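Survey of secondary and tertiary structure
Here is how the chains run, residue by residue.
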Amino acid sequence: MLHLNDLSIRRKITIGFAIPLVFIFLLSVVNYVNISKNEESTRWVEHTYSVIAKGHELNKLLLDLESGKRGFLITGNDDFLAPYFEAKKVWDIKFAQLRKLVSDNPKQVKRLDAINTLEKKWLKAANEVAIIKRRNVVDISRDFSEIVSFLEGNAGKVIGDEIREIIDAFIQEEHILMEKRKLSKQNDNLFTKLIIVIGCLFAALVALVSGVSIQRKISRNLEKLITGTEKIAGGDFDSEINVDSKDEFYTLAKSYNYMAKSLAISNREMMNAVQAKSDFLANMSHEIRTPMNGILGMLLLLEDTQLNKEQESYVKSIRSSGNGLLLVINDILDLSKLEAGKLSIDSHAFKVKDLINEICFLLDPQTSSKGLVIKSVIVENMPSTFLGDSLRLKQIILNLMSNAIKFSNQGEVELTVKSEAILEKPNHHFLTVIVNDSGIGISQQDQEKLFKPFSQVDSSINRKYGGTGLGLIICSQLIKQMNGSISVSSELNHGSTFTFTVPLVETSENVDSKQYGQQQLVSENNKLAEQKPLKILIAEDNKINQVIADKLFDKLGYKVDIANDGVEALKAAMKNSYDIIFMDMQMPTMDGVTATRKIIESMPDNHPAIVAMTANVLEDDKEKCFQAGMVGFIAKPIDANEVIKILHQYPKL
């Protein structure tokens, strides 16, 4: 049996329209029949009126016959016979017409036949007897009584009365028929009205029921599709869309389910690819940062030796190149973290003026070498101290300023900082930074390529000016993560203006404005071991990094032990009472995470504080370290500031 759910939407809608149309058609047919009957009743009523009129005409003709005959019989004047002969002449015609009208009614035909017979009898008596006799009368006074007797006899009044009686009965019968036909017409009209009203109501009800039923089925399936697609859009690829029909929604649901399965497979492949990329970046980070740690660490040690001016120049060049390479590595890793949503934004107090001064100080060698001038403007009356991630802000501004310097050959690079209070939020401000240069500029078309990974406005720029094309996308993503926005206004050969705005909170916290370089910081903390006497173990497999770490701690006054892998670190921790272990993650035999867990399991109540010191710097790596029980994290290349900070924090790690 065909079920509504098995029909297509087109057929459902067609049926929804067809059902009321069929009822309307049937209603029209019934009404047509009733109207035809009504028209027939009207014709019969008109016919009856005509029959009655013809009946009255016979009565009138009979009256003319009688009055003409009477007038002649009384007066003997032939002029009185005029109505008689006129009526006699048309009687047969009128009679024939009337008989034809009632030919379908035997009862009335019988009456007419009786009338016709009596009329002929009357005419014979009147014409052949009475009129002839009257013409033969010589003495009216002698024969008048005989004439009166004839008028009152069977040949006169008696036959006429009988004819009139039959005609009256004939007319009465037609009146009865007319009333019946009128009543039938009224009934037909009433029936037609009822059919129209009931039919329209029924058709409307059927249309409503079928329409609501079809609409509910379509809406229900549509809601299921919407819910299913929302789940798919939300990443739920395992839920299936089930619809209770075999129509287009069923086909669409099957397509969506197939798409969801395909997306689930693609998503797993993508996640595997992301994981593979993360693993690759983690390995690359370790493999690149480890030798970079050796290079920059050895440079730190080399800088502390007696060097002539030429050697100092070489060392500075090497450090500059090393820092440049490290910047590229950090850009790639930052981009990876941003794409994975794992780059966190810190919040701490900082002074805007100190941040801008430090940036200008760092960029001064670049601008001086190109003959450019940095002009910094901090708008008056703006708060001096904010809560925010000063390191990320510094990264953003440095990138924008470096680009401005790189693409300018003369003039100045202007850095403007201003703030605007957010009225609905006390102490909240929009910090706006504007970097304006007089460089080569960017066309309107090429501006669309900005803020996209690995893209530059012109491939020739990469050859002429260098760069990875990652800086602006990282800036854009960092600003977005800070709930801010960035824009550019530029014209070819007329410079560029980059503007970004981020929301920050004004604070009254005290900030130490003194800035330290690593070498200076190490020198100032050369007796830290006397203030913080600690027994320290370094777990590091790379020989160069072992030397760098040993020398760094030596400059701080510490004598450290070295473990070449996790197994040695575990044995050393069980044998000696260390205060802090600086643990590399990736080591042969046993990695740093496993070694950390085993040390804590073996010494649950009195284990040393374990701090990660590794080139594995992704968020997943940090999470693994902290889950294993480590209490700190230092990224390679080793930053002396971070090491000293950890040592100062002990034992509150």
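Cut-off values and rules
Residues numbered from 1 in each chain as written. Predicted model: local features only at pLDDT ≥ 70, side-chain atom pairs only at ≥ 80, totals over all residues. Heavy atoms only, no water. Helix = DSSP H or I, 4+ residues; strand = E, 2+ residues; numbered from the N terminus. Contact = heavy atoms within 4.5 Å. Areas by Shrake-Rupley, 256 points an atom, 1.4 Å probe, with all protein chains shown as cover. Salt bridge = Lys/Arg side-chain N within 4 Å of Asp/Glu carboxyl O. Buried < 20%, exposed > 50% of the residue type's maximum accessible area, 1.4 Å probe, protein only. Polar contact = N/O pair within 3.5 Å; in protein donor to acceptor, adjacent residues only side chain to side chain. Core = buried A, V, L, I, M, F, W, Y, C linked by side-chain atoms within 4.5 Å. pLDDT = per-residue confidence, 0-100. Patch = residues over 30% accessible without salt bridge, like charges linked within 9 Å, V, L, I, M, F, W, Y side chains within 5 Å. Phe/Tyr/Trp six-rings, centres within 6.5 Å; stacked < 30°, edge-to-face > 60°. Pairing = 2+ DSSP bridges. Axes fitted to C-alpha atoms, helices over the stretch in contact; angles between N-to-C directions.

**So, the overall build of the protein**
For the protein, the count of helices and strands is 19 helices and 12 strands. Nonlocal contacts in the protein, meaning residues at least 24 apart in sequence, comprise 73% of its contacts between residues at least 6 apart. Surface summary for the protein: the accessible area is close to 36000 Å², and the carbon and sulfur share equals 56%.

**With respect to the pattern of salt bridges**
Applying the stated criterion across every chain yields a total of 10 salt bridges. In this structure, Asp-113 and Arg-99 form a salt bridge, with 3.0 Å as the shortest nitrogen-oxygen distance. One end of the pair, Asp-113, is in helix 3 (residues 106–136); the other, Arg-99, is in helix 2 (residues 82–101), and 14 residues separate them in sequence. The exposure class of Arg-99 is partly exposed, given its relative accessible area of 33%. Between Arg-164 and Asp-161 there is a salt bridge, and its shortest N-O distance comes to 2.8 Å. Note that Arg-164 and Asp-161 are positioned in helix 5 (residues 154–233) at a spacing of 3 residues, about one turn of the helix. By relative accessible area, Arg-164 is classed as partly exposed at 24%.

**As for the side chain of Thr-501**
Topologically, Thr-501 is positioned in strand 7 (residues 496–506). Here the side chain of Thr-501 touches Thr-432 through a polar contact of 3.1 Å, side chain to side chain. When sequence neighbours within four positions are dropped, the list of residues in contact with Thr-501 reads Phe-430, Leu-431, Thr-432, Ile-479, Gly-484 and Ser-485.

**Quick word on the nonpolar core**
Ranked by internal contacts, the top residues of the largest apolar core, which has 39 residues, are Leu-393, Ile-396, Ile-397, Leu-400, Val-435, Phe-500 and Val-502. Contributions of two or more residues to this core are made by helix 8 (352–370), helix 9 (390–406), strand 4 (412–421), strand 5 (428–436), helix 12 (471–481), strand 6 (485–490) and strand 7. Tallying contributions element by element places helix 9 first for this core, with 8 residues. Excluding residues within four positions of it along the chain, Leu-393 makes contact with Phe-350, Leu-355, Met-482, Phe-500, Val-502 and Leu-504. Within the second largest apolar cluster, 28 residues are counted, among which are Leu-81, Tyr-84, Ile-159 and Ile-166.

**Here's the deal with helix 12**
Structural remark: α-helix, 3.6 residues per turn; residues separated by three or four positions point the same way. Of all 11 residues making up helix 12, 8 are buried, and the element is well covered by its neighbours. Residues Gly-471, Leu-472, Ile-473, Ile-474, Cys-475, Ser-476, Leu-478 and Ile-479 constitute the buried set of helix 12. Asn-483 lies just past helix 12 and shows a positive phi near 65 degrees.

**Overview of the confidence of the model for the protein**
When the pLDDT values of the protein are averaged, the result is 79; 81% of them are 70 or greater. Within the model, pLDDT remains below 50 along residues 459–464, and this stretch shows 5 contacts once partners closer than five positions in the same chain are excluded.

**With respect to a nonpolar patch on the surface**
A surface patch of nonpolar side chains, about 590 Å² in accessible area, is lined by Val-22, Phe-25, Leu-26, Val-29, Tyr-32 and Val-33. Locating Val-22 in the fold gives a position in helix 1 (residues 9–75).

**Here's the deal with the packing of aromatic side chains**
Under the defined criterion, the tally for this structure stands at 2 aromatic pairs. Geometrically, the ring pair formed by Phe-553 and Phe-582 is tilted, given 5.2 Å between the ring centres and 50 degrees between the ring planes. Pair noted here: Phe-553 is in helix 15 (residues 543–555) and Phe-582 is in strand 10 (residues 580–583), with a separation of 29 residues, a long-range link. Here the two residues Phe-553 and Phe-582 agree in accessibility, since each one is buried.

**As for the sheet that holds strand 10**
One open sheet accounts for 5 strands, arranged 9-8-10-11-12; its pairing is parallel. Two strands in the sheet have a free side with no partner beyond their single neighbour: strand 9 (561–563) and strand 12 (632–635). Between one strand and the next, the sheet's axes are offset by a mean angle of 20 degrees, whatever the strand orientation. Inspection of the sheet shows strand 8 (residues 536–539) paired to strand 9 by 3 bridges, in the parallel sense. Note on strand 9: the bridge partner recorded for Leu-537 is Asp-561.

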